[in-house]
Amino acid sequence: MMARTCRPGWGHAVAATWPLVGRDEELRLLRSQLADAELTGLVLAGAAGTGKSRLARELLRVAAEAGHPTERIVASRASATIPFGAFAHLLPALEGAPTAATLRAASGALAARGGARRLVLVVDDAHLLDDASVALLHLVMLERTVFTLATTRSGDDPVSDAVVALWKDVDAARLEVQPLSRDETTELAEAGLGGALDAGTARGLWQASRGNPLYLREIVMTARSAGALRVERGLWTIGGEALAPPTSLADVVELRMRGLSAAALEATEVLAVADVLGLAALVDLHGRDAVAELERRGLLQIDDDGRRRPVRLEHPLHGEVVRQRIGRARLTGVARTLADQTDGFGGRRREDALQLAVWRMQVGETTDAGPLVMAAREAYARGSYELASRLLGFARRIAPDDTESALLSAQLDHEHGRHAEAEFIYADVGSLPDGAAVARVAVQRAVNLFFGLGDEDGALAVLREASEAAPERAGELTANQAWLRLNAGWPGDTLELVAGIDDRGDPDVALMVEVTTAWAQTTAGRPAAGLAAAEHARQLRDALAPTRLNRFRDFPELPRALALLTLGDHIAAAEAIGSGRAAALDTHPRFVQAWWSFLAGQLAVRRGQLATAAAAFREGAVIQSRLRQPGLLRRDLAGLALTAALRGDLATARASLAELDATGARPERLHAPLAEQARAWTAWAGGATEEAIALLRTAAADARMRGSHAAESELLHDLARLDVVNGVADRLAALAADGGPLAALRAQHAAAIRQGDGRRLGHAARAFADAGARVMAADAHGRAAVAFDAAGDPRAARLHRHAAQEERDRVDGLSTPALARTHERVALTAREREVVARTVGGLTNREIAEQLGIAKRTVDNLLHRAYGKLGVSDRDAAGRALGLSLPHR
Amino acid sequence: MDETLERLPPTYATFLRLERAGVAAKVIAAQLEVEPEALPLLAELAHAKLAQARDDCPRPSQGG
């Protein structure tokens with residue numbers, strides 16, 4: 001695969017020429033075919049847009065570089081009526097109708113264009129050649145005087161016998177050029193756009209193009225021109241709109257369908273409206289012959305799904321183009337036909353009910369909101385939120401006072417960032433029939449108040465009132481209260497609340513309790529218990545009916561991944577996060593996708609993959625911005641700030657923190673420790689070590705008070721890395737009892753720092769490296785080097801210094817206190833180090849003087865002395881000497 | 001192996017699965033809707049792409 005060279009945030013213009021992506025193996029194969037003197041040529045076949053001509057042109061370039069004479073002809077319908085029409089520019093004028101002599105002369109003329117090496121001839125669209133031209137090619141290939149690379153389309157009008165003979169009779173190989181893989185499609189789009197895509201957009205482009213490079217390019221260009229595809233936080237992203245088929249592709253698709261019988265064309269229209277239909281139903285509507293014709297032309301995809309055998313058009317774009325072509329009246333007629341047929345068949349499956357409701361809605365022939373609301377619930381359960389919204393809109397026009405549709409609308413409003421609109425609906429709900437309904441409304445409303453509108457008190461009040469009105473639902477309501485308490489950053493309170501819930505017979509309540517417990521246990525510094533609860537939650541989730549609406553059914557994988565990450569099992573965490581993130585892109589609400597992006601970022605930071613981490617946090621921030629959930633946006637901004645600080649990118653770190661602060665006071669404090677950690681490391685990167693220490697102390701104390709011992713462990717470890725070990729090492733040892741292997745490692749590391757024991761620091765470094773915690777490993781090796789220096793063991797010091805550099809090289813632009821020390825060959829005083837760090841961080845001498853409350857002259861003198869000790873003359877060199885990353889300019 | 005196959009273009013992944021399952025070439029060609037004459041090169045490419053995918057790192061932005 002070609003090396004990826006995209007960087008996020010490159011220019012916003014779409015490249016005029018897109019690179020060739022995903023064809024390395026094809027090119028290697030073509031080169032070997034060309035080098036084989038026994039071979040006469042190659043036929044490149046494939047669907048329109050797969051890149052046959054592009055590949056052929058690339059081989060032509062390779063052939064020319066290898067010293068072959070090269071030529072290219074393009075067949076067309078116009079030249080197809082003229083003997084040798086496509087060869088006109090390569091052959092002398094030939095008099096009269098083609099004869100054997102004419103053919104011989106033409107063959108000689110073509111061969112003469114070669115010389116010491118064979119002519120390499122590309123023939124584009126060989127299926128459009130006239131018969132004389134095909135005969136000419138046949139002859140030169142038989143004689144091996146020309147190496148021919150012919151491109152031809154698969155699946156269109158039947159290819160003439162003459163063209164078929166090219167590869168059957170003359171030792172020409174046939175290569176079917178395939179669409180790109182999902183990764184290659186993303187790589188191509190990113191190359192064309194000059195920047196990285198967010199995961200959702202990458203998925204959308206893959207689904208729309210199915211790896212067809214021509215389709216992809218046209219979709220991207222159209223979406224870009226329409227403003228639907230734009231850059232947010234350095235990532236190319238689709239702004240919620242569906243990817244419409246570009247008009248330029250309509251011609252390509254129409255060409256595919258040229259020559260179809262009337263019945264087959266009608267069948268394509270039915271499939272375009274239905275999207276998918278059972279084979280029997282399609283045959284019933286249009287006859288076996290029409291379906292067979294479409295299958296022969298490669299326009300259908302028939303799956304083997306047991307009895308029903310679902311059929312769809314071969315490419316999703318075909319359906320889009322046909323729908324746009326047929327017009328409203330025909331679309332309505334088709335929808336009516338499909339609805340009548342489904343009714344006639346009985347339509348008992350859930351997807352039938354959904355389809356039926358959609359078609360009746362399209363026809364406008366429904367007066368009963370009930371089926372529409374049921375269909376909306378089905379669509380919602382399947383993750384088709386736009387369809388669910390449309391169905392609900394229709395239902396509410398029919399029955400404006402229907403509570404069920406109102407509640408589902410409010411839920412969709414919340415999940416799409418329309419929090420005030422959702423609260424308006426909730427506040428207006430009239431009397432409810434039973435306790436279950438009371439609880440349901442209260443829970444939905446409380447979630448919207450807390451996460452959407454930032455009103456914790458209002459949310460808890462709603463839940464309390466509902467408990468009084470429906471005491472039989474106390475279990476469910478308390479579980480939700482616990483969930484909010486967890487998100488407010490009180491895991492201890494959370495566990496107390498769930499412990500008091502008796503009613504676990506309700507499967508929804510049981511699932512919520514286990515998910516909340518799993519999360520709270522891990523947050524409270526007991527990740528093994530968290531993992532066990534998450535596994536139990538999975539079992540409960542799997543036992544739920546597939547379409548039972550439970551907002552926690554998407555959740556069990558998240559606390560499981562979090563527990564694995566907290567334990568320090570990075571391999572299992574990576575697997576869980578990778579699969580969870582991929583699954584979330586398909587069907588889960590966007591806020592779940594954002595959670596996975598956040599966890600991916602956390603894992604990447606741990607592993608020292610700082611660019612990956614930044615990309616993941618940016619994705620999460622884009623989603624949370626769209627969902628207008630500032631509380632959760634703060635989490636992603638904190639991640640961005642921390643990542644930037646670790647890379648020494650002060651500008652980005654400070655900008656992210658400023659944006660975080662601008663969101664204002666929020667009740668979500670589950671990730672407040674991360675924000676404080678980011679603040680501390682940003683301060684350190686700017687040379688304000690004492691401020692960093694103060695921030696970490698306060699944050700660690702707050703985390704301890706709240707019972708967030710997992711965060712407390714991380715914050716205390718950060719303090720140890722800044723040489724604050726009194727009281728810290730012992731507390732870390734206490735937290736390690738239930739904290740898991742990574743917490744134990746942190747405690748060992750802190751104890752080794754306290755003792756200044758190079759050997760123990762080396763053990764810690766290797767243990768961190770084995771666990772994949774590269775940032776910690778780099779830091780620990782650096783500190784071990786300093787300890788061995790102080791102990792007078794230069795050999796050991798050198799080994800660890802080298803190991804620290806190796807770890808650092810794996811982590812782009814990493815800055816840590818120990819790494820800074822590692823590079824010191826002479827001892828700087830604390831004040832000298834502080835001043836140098838600030839100057840490397842980008843401050844002027846005057847600014848440093850103001851910050852430290854000393855005279856500018858003193859700063860000048862301190863820098864002069866430090867530079868002298870380090871043997872450097874400017875701040876860039878000082879930064880390199882101390883292993884400090886310079887701010888990105 | 002399956003995870004690597006998922007990263008290949010779908011036709012090649014399907015070919016490799018069918019080949020691994022011992023399905024006859026004629027049947028594979030029909031299943032993939034390619035001319036039988038195209039199968040040798042398709043097979044060669046499939047194996048080459050599999051070998052390349054094993055050497056490549058997963059895309060960093062997709063949770064790896």
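Computed from a predicted model, the values in this text were never measured in an experiment.

## What about the nonpolar core?
Residue and element names in this part refer to chain A.
Phase 1: Counting residues in each nonpolar core, the largest one holds 131 residues, and the members touching the most others are L484, W519 and L599.
Phase 2: The element contributing the most residues to this core is helix α27 (residues 590-607), with 11 residues.
Phase 3: Grouped together as the second largest cluster of nonpolar side chains are 56 residues, Y215, I238, L299 and L317 included.

## Quick notes on the interface of chain A and chain B
Note: interface size is frequently given as the accessible area lost on complex formation between the parts.
Phase 1: Contact with chain A, which involves 32 residues of that partner, is made by 24 residues of chain B.
Phase 2: Between chain A and chain B, the buried area comes to about 2500 Å², and carbon and sulfur atoms account for 53% of it.
Phase 3: The interface formed by chain A and chain B contains three salt bridges.
Phase 4: Across the pair B:R7 and A:D183 runs a salt bridge, and its minimum N-O distance is 3.6 Å.
Phase 5: Taken together, chain A and chain B are joined by five residue pairs in polar contact (both at pLDDT 80 or more).
Phase 6: Secondary structure elements with two or more residues in the side of chain A that touches chain B: α1 (24-35), α5 (161-169), β5 (172-176), α6 (182-193), α26 (570-587), α27 and α28 (610-627) of chain A.

## Regarding the pairing of strand β3 (residues 119-124) of chain A
Residue and element names in this part refer to chain A.
Phase 1: By the criterion of burial, β3 is predominantly enclosed, with six of the six residues buried.
Phase 2: Neither face of β3 is open: one carries L119, L121 and V123, the other V120, V122 and D124, and all of them are buried.
Phase 3: Sheet topology places strand β2 (residues 70-74) next to β3; five bridges connect them, and they run parallel. Bridged to I73 within β3 is V123.
Phase 4: Relative to strand β4 (residues 146-153), β3 is paired through five bridges, and the arrangement is parallel. When the bridges of β4 are listed, V123 appears paired with A150.
Phase 5: The parallel pair β3 and β4 is bridged by helix α4 (residues 131-142), and the resulting crossover is right-handed.

Scoring rules and cut-offs
- Residues numbered from 1 in each chain as written.
- Chains lettered and ligands numbered in written order.
- Predicted model: local features only at pLDDT ≥ 70, side-chain atom pairs only at ≥ 80, totals over all residues.
- Heavy atoms only, no water.
- Core = buried A, V, L, I, M, F, W, Y, C linked by side-chain atoms within 4.5 Å.
- Buried < 20%, exposed > 50% of the residue type's maximum accessible area, 1.4 Å probe, protein only.
- Helix = DSSP H or I, 4+ residues; strand = E, 2+ residues; numbered from the N terminus.
- Contact = heavy atoms within 4.5 Å.
- Buried area = accessible area lost by both parts, 1.4 Å probe.
- Salt bridge = Lys/Arg side-chain N within 4 Å of Asp/Glu carboxyl O.
- Polar contact = N/O pair within 3.5 Å; in protein donor to acceptor, adjacent residues only side chain to side chain.
- Pairing = 2+ DSSP bridges.
- Right-handed = clockwise from strand over helix to strand, strands pointing away.

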